[in-house]
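Working through the structure, step by step
Given next are the chains, with one letter for each unit.
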Amino acid sequence: MEKKKILVIGSLNIDWVIPVSHMPKEGETILGGNYTEIPGGKGANQAYGAARLGGSVTMLGMVGDDDMGGKLINNLSSQNIDVSRIERCKKINSGLAIIYVNNEGKNSIVVLPGANSMVDKNYIDKNSELLSQSDLVVMQMEIPKETVYYAIEKAYEGDKKIILNPAPAPEYLDDYILSKIDFLTPNETELEKLTGKEVVDIRTAIEASKVLIGKGVKNVIATLGEKGSLLVSSDKTIAFQGERVNAIDTTAAGDCFNAALAVALSEGEAIEEAIEFANKAAAISVTRKGAQPSMPFRSELSLN
Ligand code: RIB
């Protein structure tokens, strides 16, 4: 089977993961458990997850010239990801994420973008050949929004399939950009933010997704945690049931979903099968700690 090429353009962060009994409230000081340092970043997680599941993956992004930068790149190349175009920026730190994980496995994340903020249009232009050689382009929103817009426009001009995981959700995405996206993959919070509509259940998620379809997105695939996921396009609306698992850490479950979705699509699967596969992969990831270490291997789940 000929695999299509996946290009991930996005962030690389080192995650400082701190176990907490509960999320600190405003003005509250709490004691955390022992922290761990784990490779993360939504872009890098999606690249790592896709490669572990057997995808042919190249990553574009930037790290600092600190020790962490080297570790982040090495971790990706350990999965045979082409990291040759990842740049190391001088005088800036690698991206850093402070992640609280509570007893229920839920998280709160603050990201300090560092070198991720240096990913600009010039860098995309410098790598235009790579973009033209890829088939599927996967992006998130932890690099500057104008760069994401620019890369989407270039990918669209080159007739690439575009997956945008709108995380963290911006206040809005312009309609001319939305109309270029093949697969938009918000979670509930991101869906609410992008549409201004309250999302509390499947029905309200469908309504909000239809707003985005009305703006030209080809497929909205909403990830709804335990409630499963949802596909809305101009001619179909399908709800997919969530897998029942004992979640210990939901960090990067969305990244895992996007990674698996990209792999299944790169193998020519229909969108419904790709979503089933992504649901299964994400369900495995939440049973393990950390971002990249939690990504499943292909041998752990099957497509069809
Ligand atoms: O989606 C999880 C990721 O969000 C973490 O790895 C962290 O780096 C932040 O980017």
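That block above? That's the structure.
Just so it is clear, the model here is predicted, and its values are computed rather than measured.

**Here we look at the packing of aromatic side chains**
What the rule picks out here adds up to 2 aromatic pairs. Ring geometry for Tyr149 and Tyr176: centres 5.9 Å apart, planes at 90°, overall edge-to-face. With Tyr149 in helix 5 (residues 145-157) and Tyr176 in helix 6 (residues 175-178), this pair connects stretches of sequence that are 27 residues apart. Residue placement shows Lys145 over the ring face of Tyr172; its charged tip is 3.8 Å from the ring centre. Its guanidinium or amino end placed over the ring of Tyr156, Lys180 lies 5.1 Å from that ring's centre, counting from NZ or CZ.

**Here's the deal with helix 7 (residues 188-195)**
Taken together, the buried positions of helix 7 are Glu190, Leu191, Leu194 and Thr195. Looking straight down helix 7, one finds that the buried residues subtend no more than 115° of arc, so they occupy a single side. Tucked inside the fold, the buried residues of helix 7 contact strand 11 (183-184), helix 8 (202-214) and strand 12 (219-223). Of the residues that open helix 7, the one with a side-chain oxygen 3.1 Å from the backbone nitrogen of Thr189 is Asn187. Positive phi shows up at Gly196, right after helix 7, with a value of about 75°.

**Observations concerning the sheet that holds strand 8 (residues 107-112)**
Reading across the sheet, the 4 strands line up as 3-2-7-8 and stay open at both edges, with mixed pairing between neighbours. In this open sheet, the two edge strands, each paired with only one partner strand, are strand 3 (36-40) and strand 8. Between one strand axis and the next, the sheet turns by 25° as a mean value, whatever way the strands run. Bridge count between strand 2 (residues 13-19) and strand 3: 5 bridges; the pairing is antiparallel. For Ile14, the partnering residue across the bridge sits in strand 3 and is Pro39. On top of the sheet, helix 2 (residues 67-77) reaches strand 2 and strand 3; it is set at about 55° to strand 3, its chief contact.

**Observations regarding the packing of helix 9 (residues 253-266) against helix 10 (residues 271-285)**
Taken N-terminus to C-terminus, the directions of helix 9 and helix 10 make an angle of 145°; their axes are 8 Å apart at the nearest point. Here helix 9 runs over helix 10; the crossing is right-handed. Across the interface between the two elements, Ala253, Cys256, Phe257, Ala260, Leu261, Val263, Ala264 and Leu265 from helix 9 touch Ile271, Ala274, Ile275, Phe277, Ala278, Asn279, Ala281, Ala282 and Ser285 from helix 10. A breakdown of the residues in the contact of helix 9 with helix 10 according to their chemical character gives 15 nonpolar, 2 polar and no charged.

**What about the site of the ligand?**
Looking at the ligand, there are 14 residues lining it, with Asp15, Gly41, Lys42, Glu142 and Asp255 nearest. One of the side-chain nitrogen or oxygen atoms of Lys42 is found 2.9 Å away from an oxygen atom of the ligand. Side-chain polar atom of Glu142 to an oxygen atom of the ligand: 2.6 Å apart, as the coordinates give it. Considering the ligand on its own, with 280 Å² of exposed area, one finds that the protein chains cover 98% of that surface.

**Re the sheet that holds strand 11**
Either a parallel or an antiparallel arrangement is found when strands of a sheet pair, and the pairing is made through backbone hydrogen bonds. If you walk across this open sheet you meet the 8 strands as 4-1-9-10-11-12-13-14, and the pairing is mixed. Either end of the sheet is taken by a strand with one partner, and the two such strands are strand 4 (56-60) and strand 14 (237-240). Here 5 bridges tie strand 12 to strand 13 (residues 229-233), and the two strands are oriented antiparallel to one another. Its bridge partner being in strand 13, Thr223 is matched across the sheet by Ser229.

Thresholds applied
- Residues numbered from 1 in each chain as written.
- Predicted model: local features only at pLDDT ≥ 70, side-chain atom pairs only at ≥ 80, totals over all residues.
- Heavy atoms only, no water.
- Phe/Tyr/Trp six-rings, centres within 6.5 Å; stacked < 30°, edge-to-face > 60°.
- Helix = DSSP H or I, 4+ residues; strand = E, 2+ residues; numbered from the N terminus.
- Lys NZ or Arg CZ within 6 Å of the ring centre and 35° of its normal.
- Buried < 20%, exposed > 50% of the residue type's maximum accessible area, 1.4 Å probe, protein only.
- Arc of directions from axis to C-beta.
- Contact = heavy atoms within 4.5 Å.
- Polar contact = N/O pair within 3.5 Å; in protein donor to acceptor, adjacent residues only side chain to side chain.
- Pairing = 2+ DSSP bridges.
- Axes fitted to C-alpha atoms, helices over the stretch in contact; angles between N-to-C directions.
- Left-handed = near helix turned anticlockwise from the far one by under 90°.
- Nonpolar A, V, L, I, M, F, W, Y, C, P; charged D, E, K, R; others polar.
- Near = heavy atom within 4 Å.
- Areas by Shrake-Rupley, 256 points an atom, 1.4 Å probe, with all protein chains shown as cover.

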